[in-house]
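# Descriptive analysis of the structure
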Amino acid sequence: MVGMGLPSRGASFYGMGSHVVVDIGSLLVTGRPISLDEHVVVPPFSSFRFPEPAHAELDLRRVDRGVQIDGLVEVGVAGECIRCLEDAAIPLRVVVDERFDPPDGASDPFGENNVLNGTNFDVGDLVRQVVTSALPFGLVCNEECRGLCMTCGRSKNPGGGCDCPAMEGDH
């Protein structure tokens, strides 16, 4: 899937799945900003799954010798509810505000960076990093989830199978 989004002039695109790489050489040389609209597969992380590719809308611009990346990444997150162990899913929106500055005296200005390597910007890696850093501690199927019964181990939610008498303080 080459050019999975709407390529801007001055950027070369290549990639597949979660590995979408954009050549930002024209941005670094001319300073002409680049806008990206990409769909990126995010691999599972811990107990979280991402059923659909993440949608990333990013604006890249040169700032001094570095690159400023602003935008929004949206993705659906699925997994197990931490209260009742049923399936849970939430939408996740991450505001991107990243700046990459080259270290002083480096022959490759972004050599020690896994998102930027020379003039190659790895959109997939940036999306993976911002998504995994924004994940909640755990998913909840809904705010009213009552979890599992400490007596029988079944769900205390309606239709969950727990018939135990309510304990004091258990609403």
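All residue numbers refer to positions counted from 1 along the written sequence of the respective chain. With the structure being a predicted model, the display of local features is reserved for residues of pLDDT at least 70 and the display and counting of side-chain atom pairs for 80 or more, all residues being used for whole-chain, interface and lining totals. Calculated side-chain values reflect all of the structure's heavy atoms, with hydrogen atoms and water omitted.

### A few points about the overall build of the protein
Within the protein, the secondary structure is distributed over two helices and eight strands. Counting all 171 residues of the protein, 39% fall into the buried class. Here a residue-residue contact requires only that any non-hydrogen atoms of the pair lie within 4.5 Å. Relative to all contacts within the protein whose residues are 6 or more apart in sequence, the contacts with residues 24 or more apart total 53%. Counting only carbon and sulfur atoms, one obtains 51% of the accessible surface of the protein, whose full area is about 9,900 Å². Secondary structure counts use DSSP, requiring at least four H or I residues in a row for a helix and at least two E residues in a row for a strand, with both numbered from the N terminus. Classification of residues uses two cut-offs on accessible area relative to the type maximum, computed with a 1.4 Å probe and protein chains only: under 20% is buried, over 50% is exposed, and between them is partly exposed. Using a 1.4 Å probe, the Shrake-Rupley method yields the accessible areas, and only the shown protein chains count as cover for residues.

### Some words on the environment of Glu57
With respect to the helices, strands and loops of the structure, Glu57 is situated in strand β4 (residues 54–63). Remark: the alpha-carbon pair of Glu57 and Glu74, spanning 17 residues in sequence, is separated by 8.8 Å. If we ignore the near neighbours within four places in the chain, the residues touching Glu57 are Leu36, Asp37, Asp70, Gly71 and Leu72.

### Focus: the sheet that holds strand β6 (residues 87–100)
On the basis of which strands lie adjacent, the open sheet formed by four strands has the order β3-β4-β5-β6 and antiparallel pairing. Taken across any chain shown, the strands that pair with only one partner, and hence form the sheet edges, are β3 (34–40) and β6. Looking at each pair of strands side by side, their axes are set apart by 15 degrees on average, direction ignored. Pairing between strands is defined by DSSP: at least two bridges between them are needed. With 14 bridges connecting them, strand β5 (residues 66–80) and β6 associate as antiparallel partners. Across the sheet, the residue bridging to Val75 is Leu92, located in β6. Comment: axis = line fitted to C-alpha atoms, over the contacting stretch for helices; angle = value between 0 and 180 degrees taken between N-to-C directions. Running at roughly 120 degrees to β6, helix α2 (residues 123–133) makes contact with β3, β4, β5 and β6 of the sheet.

### Focus: the pattern of salt bridges
The term salt bridge refers to a side-chain nitrogen of Lys or Arg lying within 4 Å of a carboxyl oxygen of Asp or Glu. With the rule as written, the count across this model stands at five salt bridges. The salt bridge partner of Asp70 is Arg61, with a shortest N-O separation of 3.7 Å. Residue classification places Asp70 among the partly exposed residues on the basis of a relative accessible area of 22%. Ionic pairing is found between Arg99 and Asp101, a salt bridge with its closest N-O pair at 3.0 Å. Here the salt bridges do not stand alone but share partners, grouping Asp64, Arg99 and Asp101 into one network.

### Remarks on the environment of Phe48
Examined against the element boundaries, Phe48 turns out to sit in the loop between β3 and β4. Judged by its relative accessible area of 6%, Phe48 falls in the buried class. When neighbours within four sequence positions are excluded, Phe48 is seen to be in contact with Val77, Ala78, Leu135, Pro136, Phe137, Gly138 and Leu139.

It is worth stressing that arrangement in space is one thing and function is another; only the former is reported here.
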